[in-house]
Structures are given as C-alpha cells and as structure tokens.
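Architecture and fold: a report
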Amino acid sequence: MESVNAKYVSQKISKTRWRPVSHSTLQQPDIFATGSWDNEDNKISFWSIGNHGSSALDDGFEGDPQLLCEHKHDGDVLDLQFLDQDKIVTTSSTGEVTIFRHHQNSQTISVSQRWPGVHCYPCDNAPCTGVVCSSPEIVTVGEDGRIVVFRADQEGVVRVIENADSSTIHAVTYLRTTEILTVNSIGQLKLWDFRQQSNSPSQILSLSGDRVPLHCVDRHPNQQHIVATGGQDGMLCVWDIRQGSAPFSLMEAHSAEMWEVHFHPSNPDHLFTCSEDGSLLHWETSAQSDMPSFLQGGRNNSMISRSAMAPAGGNQSLISAWLSGDSSKGRVETTHMLPSQTLSVNSLDVLGQCLVCGTDGEAIFVNRQVPV
C-alpha cells in the first residue's frame, strides 16, 4: 500500500492505459493516458510519473502523476487504446471513434482522424463500447451489435459486420492476428475470423444457466487459447477456447460488476481485475513446489470447476495454472491492491512493475512496485 500514489483529478475516470514501451529495453513505463465519463466536459489526458519538464516540482509529492496535456472529448470515453507511441484511439458514447496524436515536444494533443457515428441505431447514435488496435488496424464494437474495422491510414471504414450480435457487445480483444473475441450482454463469448467473408462467428461459447452479462475480456499473452472474462456477477471466468463451450473455471472475485480483467503482459501467472465494488485485485497462480506454475495446475479455494475434463489429447507439455482442475496441488492467491474505498474502480492497466487505475471517486492510483 505504501507504494501507491493517489492523484485527485476532479473528473470521473473511465479508462486508463500505459503508453507502450520498447520490448528491447527494460525500461518501465512513465506516461499514461486517461479518459473521463459522466462529467459536464469530458477529456482525454496524458500524465507522467517521470521527470517531464518542470511540472514535477510544481505540486504534489515525488511519484505523483503530473498532467502533461489534455483535450476535450465529445461524449463519455468508453474505451481507450494506444495505437503506437504517439497515438491513442478512443470510443465514445456518441458512437464516434477518434485517433488523437500526442505531440511530446510541445505537450499538446491534436485530432488525427475521426469517424463520427459509426455505431448507430436506425435513428440515433449508439455508444461505441470497445476498441482493440494492432497498428494500423482498429476494430470497434458497440451497443448496436455491430463490429467495425478501420485502418489508421485510410479515411473510410474497411469492413462492417452489421448484425454481429443481437445484444450489446461490451468488449473486444485480439485472439490472433486475424481473429478477435467479443463478449456480450447475454453471457456469450464469440470468436470471429476475419479471413472468412462470413458475417457469422466461427465459434460461440457461453455461460450456462443465467445469462450474466460479460463486460470484459483478455487473452493470455503466451497461450492464446486461454481467455479470462468478467461480468455483472463479479465472477472471474477462465475459458479454454480449444474445447467445450462453457468456462473451464469460475472464481469468486468481486461483490459487484467486474469492469476490466488484464493478464500481466510479460508475466501472465499474474492477473488483475477491478470492479464497481471499489476494489482492485491482484491474482497470482502459485505452486507448492519449485516447478514453474505454468507447468502445473493452480487452485483457489473459492474456485468452482465447470469441467473435469483433461486438456484435449491429455499430453500437453504445458498446462497453464489458469486451467487447473479441482484435483491440482497449486493455488490461486488474491491480494487487494488499493486502500478500502466505496466508489467504482472503472479501469486498470499494468505494464512492467507499474499499475494504474481510475475511479468514480475522481482519483487516479499509481503503483510502481507491483510484485510480479
């Protein structure tokens, strides 16, 4: 807790994302972007936790996030992703998708490209709920059940899957270069293969029983068949998309909606979730031997296994701890990463040893000593 810096920013923060760092260096991230929602004037902002100019000495303590620059944003920022070192893509409650460029020399922000109203109902705009980027490709999803593909170097829309879903699509992520995963408001996880001209998903997985809305999705960075989702009931679901159509395991996580789930990008035995209940949890698969945890199973006492089946073929040399059955000897440990609070933690991002999150309490929290 001692290593957490809090910054009160007078706006509800809907999204937080670290600027990517070069894989070839051991550099820790030092700049992040935020988006706001439910304010009279919403903004996107860039912040530094390093020494960028004289602002570091102006106010606050060492390590406090310092505002570099900000720009008005039409509508609530519903999602935000970095396209590259200088550009971010935002999605809006107005249905608009925008690319903003951060000019680091002058610490200003400009609009690089804008696609208004790409998500819409017959007579009104529909909120654009999620975006994923693999430069120059951009994929967005919306409340209108539409999937839209753009390229940052083209003005028009590349592809639209009109009726991808009859319900709200809440989030999207890449599975592989040509495949995406979406989650929706009736508890379904859908796989889409862009190599196919078909406007139908190549695979549908779903929660059995009550169709609890799913709000977030992330895939394991090294083992793409492992996917984590979270939803309205606050449960953490882990799926193996190679087999079965239901989650491999469910873990009791939060007492209210889970808004985001993220595997640590370089150490995916660690996973992070945040919730409407005001908490941010660090999940770690740990083993009771010296064997790396990804070579064996993991267990959480509160885990409910939906499947007792072994991985297909039964001879997988690598069995992720996240796909543990109830008979395994390892475990999953959870740690609260924030001081106790009551207002929603809407977004988080983790990179290297740095974690950032944003809340409805108009605060940004930064932890630069995440134990991963």
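Note that the structure is a prediction, hence the values are computed from the model and not measured.

Okay, the overall build of the protein next. In terms of helices and strands, the protein carries zero helices and 31 strands. Per-residue burial for the protein yields a buried fraction of 55% across its 372 residues. A fraction of 54% describes how many contacts in the protein between residues 6 or more apart in sequence connect residues 24 or more apart. Accessible area of the protein: about 15900 Å², with a carbon and sulfur share of 46%.

It is worth spelling out unusual backbone geometry at this point. Between Ser-135 and the following residue, Pro-136, the backbone shows a cis peptide bond with an omega angle of 5°. Structurally, Pro-136 is set in the loop between β12 (128-134) and β13 (137-142).

Let's shift gears to the environment of Ser-249. Within the secondary structure, Ser-249 sits in strand β23 (residues 249-251). Spatially, the C-alpha atoms of Ser-249 and Trp-239 are 7.0 Å apart, while their sequence positions differ by 10 residues.

What follows deals with the state of the cysteines. Summed over all chains, the structure comprises zero disulfides. For the unlinked cysteine Cys-216, the closest cysteine sulfur is that of Cys-274, found at 7.5 Å.

Next up on the list: the packing of aromatic side chains. As enumerated under the stated definition, the model contains five aromatic pairs in all. Ring plane angle 80° and centroid distance 5.9 Å describe the contact between Phe-263 and Trp-322, whose orientation is recorded as edge-to-face. Of this pair, Phe-263 sits in strand β24 (residues 258-263) while Trp-322 is found in the loop between β27 (303-305) and β28 (331-336), placing the two residues 59 residues apart along the sequence. Each member of the pair, Phe-263 as well as Trp-322, carries the same accessibility label: buried. Put simply, the rings of Trp-18, Phe-32 and Trp-47 pair up and form one aromatic cluster. Across the ring face of Trp-37, the terminal group of Lys-12 is positioned such that the distance to the ring centre comes to 5.7 Å.

Reading across the sheet, the four strands line up as β12-β13-β14-β15 and stay open at both edges, with antiparallel pairing between neighbours. Strand pairing shows two members of the sheet lacking a second neighbour, β12 and β15 (157-161), which therefore form its edges. Across this sheet, the average inter-strand angle for adjacent strands is 15°, counted without regard to direction. The sheet contact formed by β12 and β13 spans six bridges and is antiparallel. Bridged to Val-132 within β13 is Val-139.

What the four strands build is an open sheet, ordered β24-β25-β26-β28; its pairing is antiparallel. Every interior strand has two partners, whereas the edge strands, β24 and β28, have only one. Along the sheet, successive strands turn relative to each other by an average axial angle of 20°, direction set aside. When β24 meets strand β25 (residues 270-275), the two strands line up antiparallel, connected through five bridges. By the bridge assignment, Glu-260 is partnered in β25 with Cys-274.

Our next topic: the nonpolar core. In this structure, Leu-189, Val-227 and Trp-239 are the most contacted members of the largest nonpolar core, which totals 17 residues. Broken down by secondary-structure element, the contributors of at least two residues to this core are β16 (169-176), β17 (179-184), β18 (188-193), β20 (214-219) and β22 (236-240). Those residues in contact with Leu-189 that lie beyond four places of it in its chain are Leu-181, Thr-182, Val-183, Gln-203, Ile-204, Leu-205, Val-217, Val-227, Thr-229, Trp-239 and Ile-241. In this structure, Met-258, Val-261, Phe-263 and Leu-281 belong to the second largest nonpolar core, which totals 16 residues.

Calculation criteria
Residues numbered from 1 in each chain as written. Predicted model: local features only at pLDDT ≥ 70, side-chain atom pairs only at ≥ 80, totals over all residues. Heavy atoms only, no water. Helix = DSSP H or I, 4+ residues; strand = E, 2+ residues; numbered from the N terminus. Buried < 20%, exposed > 50% of the residue type's maximum accessible area, 1.4 Å probe, protein only. Contact = heavy atoms within 4.5 Å. Areas by Shrake-Rupley, 256 points an atom, 1.4 Å probe, with all protein chains shown as cover. Disulfide = S-S within 2.5 Å. Phe/Tyr/Trp six-rings, centres within 6.5 Å; stacked < 30°, edge-to-face > 60°. Lys NZ or Arg CZ within 6 Å of the ring centre and 35° of its normal. Pairing = 2+ DSSP bridges. Axes fitted to C-alpha atoms, helices over the stretch in contact; angles between N-to-C directions. Core = buried A, V, L, I, M, F, W, Y, C linked by side-chain atoms within 4.5 Å.

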